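Structural features, examined
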Number of protein chains: 2
Amino acid sequence: MAKVCFNVSLLLNTLKTVSLKNKRFNSSMAKKLIYTEYGDPLKVINLESAEIKEPEPNEVVVKLIAAPVNPADINTIQGKYPSKPPLPAVPGNEGVGKIVKLGANVIDLSEGDHVVPLSSNLGTWQTHLVLSANSVLKVPQKLGIVEAATLTVNPCTAFRMLRDFADLKPGDTVIQNGANSACGQNVIQICRAWGVRTVNVVRHRPDVGELKSYLKKLGATHVLTEEELRSTEIFQTKQVAKPKLALNCVGGKNALECLRHLQNGSSMVTYGGMSREPLTVPTSALIFKDLQFKGFWMTRWSKENYSSVDRFEMFDELISMMTNNELKGPTHEMIDFENFREALLNTLTIQGMIGKKYILKFN
Amino acid sequence: MAKVCFNVSLLLNTLKTVSLKNKRFNSSMAKKLIYTEYGDPLKVINLESAEIKEPEPNEVVVKLIAAPVNPADINTIQGKYPSKPPLPAVPGNEGVGKIVKLGANVIDLSEGDHVVPLSSNLGTWQTHLVLSANSVLKVPQKLGIVEAATLTVNPCTAFRMLRDFADLKPGDTVIQNGANSACGQNVIQICRAWGVRTVNVVRHRPDVGELKSYLKKLGATHVLTEEELRSTEIFQTKQVAKPKLALNCVGGKNALECLRHLQNGSSMVTYGGMSREPLTVPTSALIFKDLQFKGFWMTRWSKENYSSVDRFEMFDELISMMTNNELKGPTHEMIDFENFREALLNTLTIQGMIGKKYILKFN
């Protein structure tokens, strides 16, 4: 009897495994968002069921856990972004997932590993992705889901701008505008971890005191409104050294005010243009102050450095800061994947002082 | 008698030598221009007699042959230039002279050598200069006086901008505005010598056809007015490759038109701002086209590279181009040193299509 029971139990277990496997790859479970024309994200995106193909020997099947809605995703869907995926396309550039199946030749990854995609435009707004094993980065299980899902854009942008455009040492100063942006908050925290001081410029608003406190808690050395920057004496009174680097995501007059304070020979790096005004540079700043004006685009850097040592050292360093609580994920709200329209609408009509990130979560 | 005669002859020769020496260093012959306050060059500059001190062991006495009046000299006298010499000051940064006396320890120079000063603000608008032997560059006698007198500013500026901000190869293209400026003409000729093609932008004017012919004779590949640049198809039809480098001495809208044609990842170097309008840079040019905006100031470069190999290789290369007739001195007019006010007035009210250079000549 015991033996029969054992066999039944074995049979049941086997059936359960098969059933789980079938469930895992049951196409009726797989879903994806898709758009067939560029336009208003609320109109052109639809939820569809999806097929999950069997992985090739070098591929893995990733079941998505979470994927953020970034402004660049919105612009891509609108057709306003320089990198245009061929249509039809699944939106989404960032995300974190769990490996649920390995191709026969994949040896350095395991089922259950948490991974993030290493390329953009892979389409993370779907329940399952079948990817080449070398197009994912394994991240530690102890890394928070939000941090993992938003690792490859904002923290990396902040890291590279701070690392590649100035030789920053503890005690040096960085000035940035749009300091309350997702990237700006990463800049503040990475600088604090490196001992670099930050002068953070934000727009005046009714709750500016609250915003200043928030950014100071993150590690901001000084937070000034655009108006306060114009008359500040923190540089004259040597409360902080003159900045060796300026990060600009605003443009227009605000950028001009920031560059006035830069040390001779330093750079302003532009990674956004929220004012929709161009950067205006006085001739004397170029010739006599020897300031340099450059741009940074994470998508290009990642393509050009796809397998570089610099890239993987950056991931290590950022993940280490995150797991040490030196660098925290963005203020966010998780939204069920099926309610994607809510996430899109909220991102399109973003409000509040620090631009909450909406993150799609999958079952 | 013969012996007496001989002695008399010897005595006469000795007297002649002493007399020549006295003549050479007779202070009543030495003159300098001087200003004791910043202001209108026509008012604040005066001609004075000067003392010529005996050279120290490491010094040489240089008798000036020719010294140009550059716009930067005018701005310095007006007090509008970033490098302000302590007052009273002798104006003039460039020039060529002949060594007329050597200090006891000077071994690598000889009397009669032609030399140009290696530092700025030495005051070349005077008949004699006593300089440290290592602050002059010996130039070949076969180098024209005009080329030698104007060697260290415009040709060097053109050379460095072409050498240091892009990796130019034969067949590559450079775009520049203010192409008829003194520096612009050097750019055209150096590029021709290097096999680099130039797209030259000038302001429209009644005699623009004549100007175009003049610049084409110098070696310009294309000459376009600002208006023609806006609608040109030379880049679309691949008559020339898209430029790898833009040189800007105008600013404003003109610079914006030039940067539109640049290859992704290239630089615009600003060395002047004749329109008095700042440089206006669209955010997308920085982020997505990865254009870089830098400035160049010859004075700073020369200070930072005073004794560098690069500097002396540059002088060799430029002098070699000049003596091979690949690079010619500016269109100019020689004006007697005593008539300096005429040279100043002409430079202040500069006219004509290619900005003639006024050069002070000494007896």
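Residues numbered from 1 in each chain as written. Chains lettered and ligands numbered in written order. Predicted model: local features only at pLDDT ≥ 70, side-chain atom pairs only at ≥ 80, totals over all residues. Heavy atoms only, no water.

Taking an unreviewed UniProt entry as the reference, chain A is identified by name as Enoyl-[acyl-carrier-protein] reductase, mitochondrial belonging to Hypothenemus hampei. Under the UniProt heading Sequence similarities (unreviewed entry), the note attached to chain A is "Belongs to the zinc-containing alcohol dehydrogenase family. Quinone oxidoreductase subfamily." (UniProt positions renumbered as here; feature names shortened; annotations may be inferred.)

Turning next to the overall build of chain A. In terms of helices and strands, chain A carries 13 helices and 16 strands. Along the three orthogonal principal directions, the C-alpha set of chain A runs to about 90 × 40 × 40 Å. Here chain A holds 363 residues, and 53% of them are scored as buried. Long-range contacts, defined here as pairs at least 24 residues apart, represent 71% of the contacts in chain A between residues at least 6 apart. Counting only carbon and sulfur atoms, one obtains 52% of the accessible surface of chain A, whose full area is about 16,600 Å². One finds the centroid of the 43 positive side-chain charges in chain A at a distance of 2 Å from the centroid of its 35 negative side-chain charges. (Helix = DSSP H or I, 4+ residues; strand = E, 2+ residues; numbered from the N terminus. Buried < 20%, exposed > 50% of the residue type's maximum accessible area, 1.4 Å probe, protein only. Contact = heavy atoms within 4.5 Å. Areas by Shrake-Rupley, 256 points an atom, 1.4 Å probe, with all protein chains shown as cover. Lys, Arg positive; Asp, Glu negative; His and termini not counted. Charge placed at Lys NZ, Arg CZ, Asp CG, Glu CD.)

Residue and element names in this part refer to chain A. Looking at chain A, the domain boundaries give domain 1 (28-139 + 329-347 + 354-363) and domain 2 (154-300). Computed over C-alpha atoms, the centres of domain 1 and domain 2 are 32 Å apart. Taken together, the contact between domain 1 and domain 2 spans seven residues of the former and eight residues of the latter. Counting each side, the surface lost to burial between domain 1 and domain 2 is near 590 Å², with a carbon and sulfur contribution of 53%. Where domain 1 packs against domain 2, one counts zero salt bridges. Scanning the region where domain 1 abuts domain 2 turns up two residue pairs in polar contact (both at pLDDT 80 or more). (Domains from an automatic or database assignment. Buried area = accessible area lost by both parts, 1.4 Å probe. Salt bridge = Lys/Arg side-chain N within 4 Å of Asp/Glu carboxyl O. Polar contact = N/O pair within 3.5 Å; in protein donor to acceptor, adjacent residues only side chain to side chain.)

This brings us to the relation of the copies chain A and chain B. For the match of chain A to chain B, the screw axis carries a shift of 0.0 Å, the RMSD comes to 0.0 Å, and the turn is 180°. Considering both components of the superposition, the chain copies are consistent with a two-fold axis. When the interface residues of chain A are mapped onto chain B, 100% of them again fall at the interface, so both copies present the same face. (Least-squares fit on C-alpha atoms with pLDDT ≥ 70 in both.)

All names here are of chain B. Where burial is concerned, the two faces of strand β5 (residues 114-117) agree: the one with H114 and V116 and the one with V115 and P117 are both buried. Pairing between β5 and strand β7 (residues 136-139): four bridges, direction antiparallel. Residue pairing for β7: V116 is matched across the bridge by L137. (Pairing = 2+ DSSP bridges.)

Bringing unusual backbone geometry into the picture now. Residue and element names in this part refer to chain A. Each neighbour pair has its own omega, and for L87 with P88 the value is -5°, a cis peptide bond. Inspection of the secondary structure assignment puts P88 in the loop between α3 (71-78) and β4 (96-102). Unusually for a residue other than glycine, N121 sits at a positive phi of about 60°. Here N121 is to be found in the loop between β5 (114-117) and β6 (128-132). Of note, R276 is a non-glycine position whose phi angle comes to about 60°, a positive value.

Another aspect to go through is the packing of helix α5 (residues 154-164) of chain B against helix α6 (residues 182-194) of chain B. All names here are of chain B. Where α5 contacts α6, the axes come no closer than 8 Å and their chain directions differ by 55°. Compared by their axis directions, α5 and α6 come out oblique. α5 and α6 meet at a crossing whose hand is right-handed. For the pair α5 and α6, contact is made by N154, P155, T157, A158, F159, M161, L162 and R163 and by A182, C183, N186, V187, I190, C191 and W194, respectively. (Axes fitted to C-alpha atoms, helices over the stretch in contact; angles between N-to-C directions. Parallel < 35°, antiparallel > 145°, perpendicular 65-115°, else oblique. Left-handed = near helix turned anticlockwise from the far one by under 90°.)

Taken together, the contacts link 25 residues of chain A with 25 residues of chain B. Each partner contributes to the roughly 2,000 Å² buried at the junction of chain A and chain B, and carbon and sulfur atoms together form 64% of this total. When the buried surface of chain A facing chain B is broken down by residue, L286, I287 and F288 of chain A rank first, second and third, together holding 28% of it. If you look at where chain A meets chain B, you find two salt bridges. The tally of links between chain A and chain B comes to nine residue pairs in polar contact (both at pLDDT 80 or more).

Disulfides are covalent bonds that connect the sulfur atoms of two cysteines. Residue and element names in this part refer to chain B. Per the counting criterion, the structure on display carries zero disulfides over all chains. Left unpaired, C249 is separated from the closest cysteine sulfur, that of C183, by 7.4 Å. Given a relative accessible area of 3%, C249 falls into the buried group. (Disulfide = S-S within 2.5 Å.)

Attention shifts here to the packing of aromatic side chains. Inspection of the entire model under this criterion finds 16 aromatic pairs over all chains. Judged by centre distance (4.7 Å) and plane angle (85°), the rings of W297 of chain A and F288 of chain B are edge-to-face. In this pair, W297 of chain A is assigned in the loop between β14 (292-295) and α11 (298-304) and F288 of chain B in the loop between α10 (283-287) and β14 (292-295), connecting two distinct chains. Through a chain of ring-to-ring contacts, the aromatic side chains of Y81 and W297 of chain A together with F288 of chain B assemble into a single cluster. Looking at K84 of chain A, its charged tip hangs above the ring of Y38 of chain A, at a distance of 5.3 Å from the centre. (Phe/Tyr/Trp six-rings, centres within 6.5 Å; stacked < 30°, edge-to-face > 60°. Lys NZ or Arg CZ within 6 Å of the ring centre and 35° of its normal.)

Bringing helix α6 (residues 182-194) of chain A into the picture now. All names here are of chain A. Between the first and last C-alpha of α6 there are 19 Å, a value that for 13 residues agrees with the 18 Å anticipated at 1.5 Å per step. Within α6, ten of the 13 residues are buried, which leaves it mostly tucked inside the rest of the structure. Taken as a whole, α6 has its buried residues at C183, G184, Q185, N186, V187, I188, Q189, I190, C191 and W194. Directly beyond the C-terminal end of α6, a positive phi value near 80° is found at G195. (Expected span 1.5 Å × (residues − 1).)

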